[in-house]
Every structure is written in C-alpha cells, then in structure tokens.
Amino acid sequence: GFQMDDSLELLMTELDSESASNFQLSKHENEFPSMDPAHEDYGHLLGNKMMQTTGLDSIFDRMDVNSLKHDAFAFTPCGFSSNSIINEKYYYTLHITPEQGWSYASFETNLPNRNQSFLVNNVIKILKPNKFCLVFVRENLSNSENCLDNLIKFDLDDYTRVDKIVYDLKYDYKLLYSYFEKN
C-alpha cells in the first residue's frame, strides 16, 4: 500500500541530571575492563551498552528488529549518538549532549503509521527533559487530521503544553509544533 510521508522530531533541553549522567563516560569506566578506551570499537560497544542500560533500545518495535541496522556511539568524555535504519528506508536518530547547564537531546524518525505518542512517551521518560518541542510533519491525506489531533491531545502527566501551532505547508503537508514544560 501507499506509505505516509511522516517525520517526528523531539528537541529536548535541560535534561534530568541523573538521566544525563548515564551518557558520561566516567559512569561506565569498568564496562569493558579488558579493552583500551582508545580502541576504535570502544565507543561503539559502549554506545550499544548505553542503549540497553538506559532503556533507549525499547523505542525499537519488535517487528523491526530483523531488518534493523544500528550504530550507536559513546563519545569521550561524554555524549551519545545513535543512528538506525529499518528496511533500508526508515530511520531513527538520537543525539545527546549531557553536560549540566546546556544539556540537549534530539530524536527523529520517519517511521510511518506507528503509535507516535508511545515513542514520545518512551524517549521523554528516559531523558526527563525540563522542556521539549515536538515537531510532526505529515502529508495532508484523509487520515492526517486524526493523527495530528491525537498528537495535539497527547500529554504527559508531568508536562504542560505551553504552545501548539498547526501549519499548512506547500505540497499538501501539515506541520504540528508543540512546546512542553515540566510541571
């Protein structure tokens, strides 16, 4: 069947300090004791381990695991990046800058027809930002209104939606922008 052209993005700031510390290399010093941290595979191994220990791997749908190509990387002294491709045409990308005072994380996917609020809830519960923006773009087809309405109504218990804007874009696309702050 015809695939929707979706894009979902989360831009998160002021991450919870405990959540952010999971992406500091110092917290994982004895993770691979027999391996030199300067070894070229160390950042990739630790990045994959961080995906598991933080629960970020829970964002992947079980149906996609067989067709998933995944690369995660832990930076020195801190930071994290993860890029995944599913069925050669869909992607998940995550980038985390955990330093206190200017912490930031982004998440983006173009996976269509998924429970977007499930994805948003999982990422937000793991990183616990004080503020985040949600940007959702969809082709303006018959069922796009329902999907936008569901995302507009969607709310996390600990957050208040401060702003919501829906744009009609060229070429029959709609864009939803929502801004949330922690209560």
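Residues numbered from 1 in each chain as written. Predicted model: local features only at pLDDT ≥ 70, side-chain atom pairs only at ≥ 80, totals over all residues. Heavy atoms only, no water.

**Quick notes on the overall build of the chain**
- When helices and strands are counted, the chain shows four helices and eight strands.
- Listing each helix as α and each strand as β along the chain from the N terminus yields β-α-α-β-β-β-β-α-β-α-β-β.
- Counting over 183 residues, the chain shows a buried share of 43%.
- If you take every contact in the chain between residues at least 6 apart in sequence, the share linking residues at least 24 apart comes to 60%.
- Approximately 9,900 Å² of the chain is accessible, and the part contributed by carbon and sulfur atoms is 49%. (Helix = DSSP H or I, 4+ residues; strand = E, 2+ residues; numbered from the N terminus. Buried < 20%, exposed > 50% of the residue type's maximum accessible area, 1.4 Å probe, protein only. Contact = heavy atoms within 4.5 Å. Areas by Shrake-Rupley, 256 points an atom, 1.4 Å probe, with all protein chains shown as cover.)

**Some thoughts on the pairing of strand S5 (residues 104-109)**
- Bridge count between strand S1 (residues 6-15) and S5: six bridges; the pairing is antiparallel. By the bridge assignment, threonine 13 is partnered in S5 with tyrosine 104.
- Relative to S5, strand S4 (residues 90-97) is paired through six bridges, and the arrangement is antiparallel. The residue of S5 that forms the bridge with histidine 95 is serine 106. (Pairing = 2+ DSSP bridges.)

**A word on the packing of aromatic side chains**
- The final tally for this structure, using the stated rule, is five aromatic pairs.
- Residues phenylalanine 132 and tyrosine 159 carry aromatic rings whose centres are separated by 5.3 Å and whose planes lie at 75° to one another, so their mutual orientation is edge-to-face. Residue phenylalanine 132 is found in strand S6 (residues 129-139), and its partner tyrosine 159 is found in strand S7 (residues 159-169); the two are separated by 27 residues along the sequence. For the pair shown, phenylalanine 132 and tyrosine 159 are each scored as buried.
- One aromatic cluster is present, formed by Phe132, Tyr159 and Phe180 through successive ring pairs. (Phe/Tyr/Trp six-rings, centres within 6.5 Å; stacked < 30°, edge-to-face > 60°.)

**Quick word on the confidence of the model for the chain**
- For the chain, per-residue confidence averages 85 on the pLDDT scale, and 87% of positions sit at 70 or higher.
- By mean pLDDT, the top-scoring element of the chain is S5 (96), and the lowest-scoring one is helix H4 (residues 144-153) (67). (pLDDT = per-residue confidence, 0-100.)

**Some details on the sheet that holds S5**
- Read across the open sheet, the eight strands follow the order S2-S3-S4-S5-S1-S6-S8-S7; overall the sheet is antiparallel. Since the sheet does not close on itself, it has two edges, and those belong to strand S2 (68-74) and S7, each with one partner. Averaged over neighbouring strand pairs, the angle between their axes works out to 10° when direction is ignored.
- As judged from the nine bridges shared by S6 and strand S8 (residues 173-182), these two strands associate in the antiparallel manner. Paired with glutamate 139 across the two strands is tyrosine 173, which belongs to S8. (Axes fitted to C-alpha atoms, helices over the stretch in contact; angles between N-to-C directions.)

**Quick notes on helix H2 (residues 42-54)**
- Here H2 contains 13 residues, and its C-alpha end-to-end distance of 18 Å stays within 8% of the 18 Å for a straight helix at 1.5 Å per residue.
- Inspection of H2 places Tyr42, Gly43, Leu46, Gly47, Met50, Met51 and Thr54 among the buried residues, and these make up the whole buried set. Buried residues of H2 fall within an arc of 170° about the axis and therefore sit on the same side.
- Where H2 is buried, its residues meet S2, strand S3 (80-86) and helix H3 (116-127). (Expected span 1.5 Å × (residues − 1). Arc of directions from axis to C-beta.)

**Considerations on the pattern of salt bridges**
- On inspection of all chains with the given rule, the structure shows four salt bridges.
- Across the pair lysine 69 and glutamate 88 runs a salt bridge whose closest N-O atoms are separated by 2.5 Å. Placement of lysine 69 in strand S2 and of glutamate 88 in the loop between S3 and S4 is noted, with a sequence separation of 19 residues between them.
- Aspartate 168 is the partner of lysine 174 in a salt bridge, and the nearest nitrogen-oxygen pair spans 2.4 Å.
- Given a relative accessible area of 9%, lysine 174 falls into the buried group. (Salt bridge = Lys/Arg side-chain N within 4 Å of Asp/Glu carboxyl O.)

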